[in-house]
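Spelled out, the chains give:
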Amino acid sequence: NAGVTQTPKFQVLKTGQSMTLQCAQDMNHEYMSWYRQDPGMGLRLIHYSVGAGITDQGEVPNGYNVSRSTTEDFPLRLLSAAPSQTSVYFCASSFIALVGFAGYTFGSGTRLTVV
Amino acid sequence: KQEVTQIPAALSVPEGENLVLNCSFTDSAIYNLQWFRQDPGKGLTSLLLIQSSQREQTSGRLNASLDKSSGRSTLYIAASQPGDSATYLCAGGLGAGGTSYGKLTFGQGTILTVHP
């Protein structure tokens, strides 16, 4: 089924480890974003991309890197995991339709625990 | 900085009741507003999207309105059912065009419980 696929669904990391959260979409959407969701904080934008080769920072970018080498993939890299990065991470994609912005489609999330 | 607030934080209603969820935003330059549903432990499901040039959108028992001048959006759910129980999130998109399309600012959500 077409959509946004995130892997892994669950991950436990030790402090200081690095890892990459994968996000892939097969809808040829130009816009992709990463959000984190924390209790009491809602969803906050980490990084986003408006097309292959173009990325920008969101509200909480520190400790995370992204790249967009293809339209389909938008991986999120944790450089040196910290307990404060324990969260649920969502990837989303969208496009500009004739009527305007088409709204985002979200993946099912990655639940990350840093110990 | 765009801020989005949702009221109430939680709502419990009997089955069959019509209800309204509220969303307010601080920046009237909003480009679009999207309502999502999130079930416990799950991702977000898009319900309705309202472009800045529109006043409302409808899908089945759901109706969402947007009033940019007052900085408000409402989600109306008619004849609520237990299956509607979930967290409802609204998110505003900035309207400067170009790369700003990629940014959504979320409210913290309304937890809805519909009991039989």
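In case you missed it, the structure is sitting above this.
Bear in mind the structure is a predicted one, so any value in this text is a computation, not a measurement.

1. Side note on the interface of chain A and chain B
Frequently, the measure chosen for interface size is the accessible area removed from exposure when the parts meet.
Part 1 of the reasoning: With 25 residues of chain A at the interface, the matching set in chain B holds 22 residues.
Part 2 of the reasoning: Carbon and sulfur atoms supply 56% of the area buried between chain A and chain B, which totals about 1,800 Å² over both sides.
Part 3 of the reasoning: Viewed at the interface, chain B and chain A are joined by 0 salt bridges.
Part 4 of the reasoning: Taken together, the elements giving at least two residues each to the side of chain A that touches chain B come down to strand E4 (31-38), strand E5 (42-51) and strand E11 (100-101) of chain A.

2. A look at the layout of surface pockets
Rolled over the atoms, a probe sized like a water molecule indicates the empty space that remains.
Part 1 of the reasoning: Put simply, the largest pocket is a space of about 730 Å³.
Part 2 of the reasoning: Forming the walls of the largest pocket are 31 residues, and the residues nearest its centre are Met41(A), Leu43(A), Arg44(A), Thr105(B) and Phe106(B).
Part 3 of the reasoning: Mapped by element, the contributors of at least two residues to the lining of the largest pocket are E4 and E5 of chain A together with strand E1 (4-7), strand E9 (86-94) and strand E10 (104-106) of chain B.
Part 4 of the reasoning: Among the elements that take part in the lining of the largest pocket, E5(A) stands out by supplying 4 residues, more than any other.
Part 5 of the reasoning: Partitioned by chemical class, the residues of the lining of the largest pocket number 11 nonpolar, 14 polar and 6 charged.

About the thresholds
Residues numbered from 1 in each chain as written. Chains lettered and ligands numbered in written order. Predicted model: local features only at pLDDT ≥ 70, side-chain atom pairs only at ≥ 80, totals over all residues. Heavy atoms only, no water. Contact = heavy atoms within 4.5 Å. Buried area = accessible area lost by both parts, 1.4 Å probe. Salt bridge = Lys/Arg side-chain N within 4 Å of Asp/Glu carboxyl O. Helix = DSSP H or I, 4+ residues; strand = E, 2+ residues; numbered from the N terminus. 1 Å grid on protein atoms, 1.4 Å probe; cavity = no way out; pocket = protein on both sides within 12 Å on 5 of 7 lines; lining within 4 Å. Points joined across faces, edges and corners; volume = space filled by probe spheres on them. Nonpolar A, V, L, I, M, F, W, Y, C, P; charged D, E, K, R; others polar.

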